[in-house]
Amino acid sequence: MLIEKAARDLAAARNVVALTGAGISIGSGIPPFRGKGGLWEKFDPMQYASIDAFMADPEKVWREFIGELKVVIDNAQPNAAHMALARLERLGMLHTVITQNVDGLHQAAGNTTVIEFHGTFTRQRCTDCAALSATRDVDLSRLPPRCWCGGVLRPDWVFFGEMIPSVELDRARQSAAGCDLMLVIGTSALVQPAAYLPVIAREASARVIEINAEATPLTASVSDYLIQGKAEAMLDQILGALEALRPDGPPHPG
Ligand code: NAD
Ligand code: ZN
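Residues numbered from 1 in each chain as written. Chains lettered and ligands numbered in written order. Predicted model: local features only at pLDDT ≥ 70, side-chain atom pairs only at ≥ 80, totals over all residues. Heavy atoms only, no water.

S.K.: Mind showing me how you'd approach the site of ligand 1 here?
M.R.: The full set close to ligand 1 counts 27 residues, and Gln100, Asp103, His118, Ser188 and Asn212 are the nearest of them. Within the backbone of Gly186, a nitrogen or oxygen atom sits 3.3 Å from an oxygen atom of ligand 1. Here an oxygen atom of ligand 1 sits 2.6 Å away from a polar atom, N or O, in the side chain of Ser188. Summarising the interface, the protein chains cover 92% of the accessible area of ligand 1, which totals 850 Å² for the free molecule. When each cavity is represented as a set of grid points, ligand 1 is found to reside in the largest pocket. Counting contributing residues, the shell around ligand 1 receives three or more from each of domain 1 (1-29 + 78-118 + 163-254) and domain 2 (31-75 + 123-157). (Near = heavy atom within 4 Å. Polar contact = N/O pair within 3.5 Å; in protein donor to acceptor, adjacent residues only side chain to side chain. Areas by Shrake-Rupley, 256 points an atom, 1.4 Å probe, with all protein chains shown as cover. 1 Å grid on protein atoms, 1.4 Å probe; cavity = no way out; pocket = protein on both sides within 12 Å on 5 of 7 lines; lining within 4 Å. Sits in = over half its atoms within 2 Å of the grid points. Domains from an automatic or database assignment.)

S.K.: Any chance you could explain the packing of aromatic side chains here in plain terms?
M.R.: The geometry of two aromatic rings is summed up by the distance between their centres and the angle between their planes. Across all of its chains, the model carries five aromatic pairs by this definition. Put simply, the rings of Tyr48, Phe54, Phe65, Phe121, Trp157 and Phe159 touch in pairs and so form one group of aromatic residues. (Phe/Tyr/Trp six-rings, centres within 6.5 Å; stacked < 30°, edge-to-face > 60°.)

S.K.: How should I be thinking about the packing of helix 1 (residues 2-12) against helix 10 (residues 231-245) in this particular structure?
M.R.: If you want to describe how two helices pack, look at the angle between their axes and the distance between the axes. Contact geometry for helix 1 and helix 10: axes closest at 8 Å, N-to-C directions at 60°. Helix 10 is crossed by helix 1, and the crossing has right-handed handedness. Residues Ile3, Glu4, Ala6, Ala7, Arg8, Leu10 and Ala11 of helix 1 form the contact with helix 10, whose own contacting residues are Met234, Gln237, Ile238, Ala241, Leu242 and Leu245. (Axes fitted to C-alpha atoms, helices over the stretch in contact; angles between N-to-C directions. Helix = DSSP H or I, 4+ residues; strand = E, 2+ residues; numbered from the N terminus. Left-handed = near helix turned anticlockwise from the far one by under 90°. Contact = heavy atoms within 4.5 Å.)

S.K.: Is there a simple way to explain the domain arrangement of the chain in this structure?
M.R.: Taken domain by domain, the chain holds domain 1 (1-29 + 78-118 + 163-254) and domain 2 (31-75 + 123-157). Placing a centre on the C-alpha atoms of domain 1 and another on those of domain 2 gives a separation of 28 Å. Contact with domain 1, which involves nine residues of that partner, is made by six residues of domain 2. Buried surface at the junction of domain 1 and domain 2, summed over both partners, amounts to about 620 Å²; 68% is from carbon and sulfur atoms. Of all residues in domain 1, Ile26, Gly29 and Val102 give up the largest surface area on contact with domain 2, accounting jointly for 42% of the area buried on that side. Between the two partners, domain 1 and domain 2, sit zero salt bridges. Counting every contact that joins domain 1 to domain 2 gives zero residue pairs in polar contact (both at pLDDT 80 or more). Looking at the side of domain 1 that touches domain 2 residue by residue, the class counts come to five nonpolar, three polar and one charged. (Buried area = accessible area lost by both parts, 1.4 Å probe. Salt bridge = Lys/Arg side-chain N within 4 Å of Asp/Glu carboxyl O. Nonpolar A, V, L, I, M, F, W, Y, C, P; charged D, E, K, R; others polar.)

S.K.: How do you make sense of the coordination of the zinc ion (ligand 2) when you look at a structure like this?
M.R.: Octahedral six-donor coordination of a metal ideally yields angles of 90 or 180 degrees, compared with 109.5 degrees for tetrahedral four-donor coordination. At the metal site, the zinc ion (ligand 2) is ligated by Cys126 (SG), Cys129 (SG), Cys147 (SG) and Cys149 (SG), and these contacts range over 2.3 Å. Motif for the zinc ion (ligand 2), donor spacing along one chain: C-x2-C-x17-C-x1-C. (Donors = N, O, S within 2.8 Å, 3.2 Å for Na, K, Ca; no water.)

S.K.: Looking at this model, I keep getting lost on the layout of surface pockets. Mind explaining?
M.R.: The gaps of empty space that remain are located by a probe, the size of a water molecule, rolled over the atoms. Size it by volume and the largest pocket reaches roughly 1200 Å³. Every residue lining the largest pocket is counted, 49 residues in all, and those nearest its centre are Ala22, Gly23, Pro32, Phe33 and Arg34. Elements represented by at least two residues in the lining of the largest pocket include exactly helix 4 (58-75), strand 8 (207-212) and helix 10. At three residues, helix 4 tops the list of elements feeding residues into the lining of the largest pocket. Counted by class, the lining of the largest pocket contains 26 nonpolar, 16 polar and seven charged residues. Two domains each donate at least three residues to the lining of the largest pocket, and these are domain 1 (1-29 + 78-118 + 163-254) and domain 2 (31-75 + 123-157). (Points joined across faces, edges and corners; volume = space filled by probe spheres on them.)

S.K.: Sorry, what's going on with the pattern of salt bridges here?
M.R.: Where charged atoms from two side chains of opposite charge come close, those side chains can pair. Scanning the entire structure with this criterion turns up 10 salt bridges. Residues Arg154 and Glu162 are paired through a salt bridge, measuring 2.8 Å at the closest nitrogen-oxygen approach. On the basis of relative accessibility, which here comes to 5%, the residue Arg154 falls in the buried class. Glu162 sits in the partly exposed class, given a relative accessible area of 25%. (Buried < 20%, exposed > 50% of the residue type's maximum accessible area, 1.4 Å probe, protein only.)

Printed below as a string of structure tokens:
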């Protein structure tokens, strides 16, 4: 069974990195971008999620897109998949999470080393003075919301058309190159340069294990194997199998 194999591979690894995407947060009620029920069925990314669209009409983008997302993300809680990764870190079996997500749920679950490749939606940044504020505290009664200095607030994330901050890019590349096992969870692996990180890991001879509801472009050529299913259930089962591998067996027999 692949679940037991993944548990054995994790137990044997010395430097495990997880790369996560929108799929890991679907169980927390945050829609993905692509595919069925995805945000792009409703919003044209170039009209709402590009820096040009935002700068051209921040009031519209806040009213129709970012404001809605704020309600969803402000109220989202980590699910069993986030909790499982936090537990892996506590067990000393997960070094770093690299996430494409902007929802802050890995930190909320308890992971301490999280590289936010696309920035975060949990903070807003002033487009004039760069001051940061918690998204939860942002007042939406007048749009676009503004900083005390009068500048328009924007999510502290990477809009389409912006560069990945070089600090995050370098840290993520180094983590990928230095790991001996990469878990690739809930990402369609279509967005570059994030999708290249498993390739870097693979070229450094790491094992690459995908956990996804469906196969991706990585599955055939980059991944060692795909554990197909929901991240919440699959990670829970892998942790159960890991417990069973310990010399003293599972903590609660039966
Ligand atoms: P994506 O939307 O392109 O793909 C989601 C992937 O998750 C798909 O491959 C799908 O098969 C898989 N999936 C669906 N349900 C799953 C489940 N329960 N368990 C495991 N896998 C599941 O997501 P992406 O690859 O992350 O790329 C989209 C971009 O959008 C990212 O760059 C990210 O920044 C952004 N985004 C973030 C959030 C968030 O912060 N939660 C939400 C939407 C989009
Ligand atoms: Zn300001």
